[in-house]
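# Commentary on secondary and tertiary structure
Here is how the chains run, residue by residue.
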Amino acid sequence: MKTISKIQQAICLIVIASFMCACGDTVSNKTSTQNITTMKTDSISEYKNVNGIKMYYEIHGKGMPLVSIHGGGSTIRTTFGRTLPLFAQHRQVIAVELQGNGHTSDRDAPYSFEQDAADVAELLKQLGIKQVDFMGFSNGGHTTLQIAMSYPQLTRKIVVASAFTKREGAQPWFWNFMSKASFKDMPQQYKDEFRSINPDPQALQNMHDKSLHRMQQFKDWSDDAIRAIKVPTLIITGDADVAPPEHAIEITCLIHGAKLAVFPGGHGEYLGELVNGKKGSKVPELTVAVVEEFLDAKE
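Residues numbered from 1 in each chain as written. Predicted model: local features only at pLDDT ≥ 70, side-chain atom pairs only at ≥ 80, totals over all residues. Heavy atoms only, no water.

## Concerning the confidence of the model for the protein
Per-residue pLDDT for the protein averages 89, and the proportion of residues at 70 or more is 86%. A low-confidence stretch, residues 1-41 stays under pLDDT 50, and its non-local contacts, those more than four residues away or across chains, total 60 contacts. (pLDDT = per-residue confidence, 0-100. Contact = heavy atoms within 4.5 Å.)

## Comments concerning the environment of Leu295
Summarising the element assignment, Leu295 is placed in helix 12 (residues 283-296). Classification of Leu295 as buried rests on a relative accessible area of 1%. In this structure the C-alpha to C-alpha distance between Leu295 and Asp133, which are 162 residues apart in sequence, comes to 7.7 Å. (Helix = DSSP H or I, 4+ residues; strand = E, 2+ residues; numbered from the N terminus. Buried < 20%, exposed > 50% of the residue type's maximum accessible area, 1.4 Å probe, protein only.)

## Examining helix 6 (residues 139-150)
Taking 1.5 Å per residue, 12 residues should reach 16 Å; helix 6 reaches 16 Å between its end C-alpha atoms and fits that length. Where burial is concerned, most of helix 6 is hidden: 10 out of the 12 residues are buried. When we look at burial in helix 6, the residues that qualify are Asn139, Gly140, Gly141, His142, Thr143, Thr144, Leu145, Gln146, Ile147 and Ala148. Buried-residue contacts for helix 6 involve strand 3 (65-69), helix 5 (113-126), strand 5 (132-137), strand 6 (155-161) and helix 9 (201-216). (Expected span 1.5 Å × (residues − 1).)

## Some points on the side chain of His142
By the secondary structure assignment, His142 is in helix 6. When its relative accessible area of 1% is taken as the criterion, His142 is described as buried. Setting aside its immediate chain neighbours within four residues, His142 contacts Phe113, Ala163, Phe164, Met215, Phe218 and Trp221.

## Quick word on the packing of aromatic side chains
Taken as a whole, this structure holds 11 aromatic pairs when the rule is applied. Here Trp173 and Phe174 contribute two aromatic rings whose centre-to-centre distance is 6.2 Å and whose plane-to-plane angle is 80°, an arrangement assigned as edge-to-face. Taken together, a centroid distance of 6.0 Å and an interplanar angle of 90° make the contact between Phe218 and Trp221 edge-to-face. Like Phe218, the residue Trp221 is buried in the burial classification. Counting every residue linked through ring pairs, the aromatic cluster contains Phe113, Phe164, Trp173, Phe174, Trp175, Phe218 and Trp221. Across from the ring centre of Tyr47, 4.7 Å away, lies the NZ or CZ of Lys54, which sits over that ring. (Phe/Tyr/Trp six-rings, centres within 6.5 Å; stacked < 30°, edge-to-face > 60°. Lys NZ or Arg CZ within 6 Å of the ring centre and 35° of its normal.)

## Re the environment of Ala170
Residue position: Ala170 is located in the loop between strand 6 and helix 7 (172-180). With relative accessibility at 6%, the residue Ala170 sits in the buried group. Linking Ala170 and His247, residues 77 residues apart in sequence, is a C-alpha distance of 7.9 Å.

## A short note on the packing of helix 7 against helix 9
At a closest axis distance of 10 Å, the pairing of helix 7 and helix 9 adopts a crossing angle of 135°. Considered as vectors, helix 7 and helix 9 are oriented oblique to each other. As helix 7 packs across helix 9, the resulting crossing turns out to be left-handed. Here Phe174, Trp175, Met178 and Ser179 of helix 7 come into contact with helix 9, specifically with Leu212, Met215 and Gln216. Taken together, the residues that form the contact of helix 7 with helix 9 break down as 5 nonpolar, 2 polar and no charged. (Axes fitted to C-alpha atoms, helices over the stretch in contact; angles between N-to-C directions. Parallel < 35°, antiparallel > 145°, perpendicular 65-115°, else oblique. Left-handed = near helix turned anticlockwise from the far one by under 90°. Nonpolar A, V, L, I, M, F, W, Y, C, P; charged D, E, K, R; others polar.)

## A short note on the nonpolar core
In terms of nonpolar packing, the biggest core is built from 49 residues, with Val67, Val96, Val120, Leu124, Phe134 and Phe164 touching the most fellow members. Top element by residues in this core is helix 5. It accounts for 6 residues. Apart from residues lying up to four places away in sequence, Val96 is in contact with Met55, Tyr56, Tyr57, Val67, Ser68, Ile69, His70, Ile76, Val120 and Leu123. Counting 25 residues, the second-largest nonpolar core is a separate cluster that includes Ile76, Leu86, Ala88 and Ile236. (Core = buried A, V, L, I, M, F, W, Y, C linked by side-chain atoms within 4.5 Å.)

This is the structure:
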């Protein structure tokens, strides 16, 4: 990864400090409810025929729409089970499951961020929604970046969590693991969640294999492509994430006016993600407060 200048780092760190300080009051006002696991009574779950697949989505809450996009090999619940109910207290959350994941059917084609972005865009078109906020975690963060690049007219603001834009942006151990990974390495929690939705063992194997192949074949986005993103952006990462904070700083500096929040912990820990979240941690509530402060701010 290219080394960014000390001036750029300083600018970005100033942004981090000012943004986190601005969120202080929000934490005390919006994070008093702990361990929420139930959804609002106005929630719905449905399917739409989208670009040749039967795409599953849920809508929770009311207000400005926020589209949430799960991580690789995951579902709405494994990624956002802890935070979705909190977000739904103050806005309308449209949570999707992408090709071959969870409830959504597969197509005879590999996974790609371009196709995922096209599927989300088509779903929103069918729902009659013209502009929304997006929040994507991990592979969902990559899809969110692709949406901002390919469908800027759809994006009001984006939150990109634990994503990277180039192979050098991720830790070397990650690619070493990916080069040798097999089905047995898939977290049991993900397997159990998928099987509770779709008991077909071939469907689970297929989802695993396509997810792994996409990451093994990951292609860099150019700096110019990322720099072309013009919507307000919040980059989120953990200080022990797959991509180190230095790469998150690099992405933040490429997108004009972008903000950055670094939380303690590993991949998705700050969200209370199923595999990496810590029981009883209040950090996911802080994450929600920081994201809401960003989304609610007038530009």
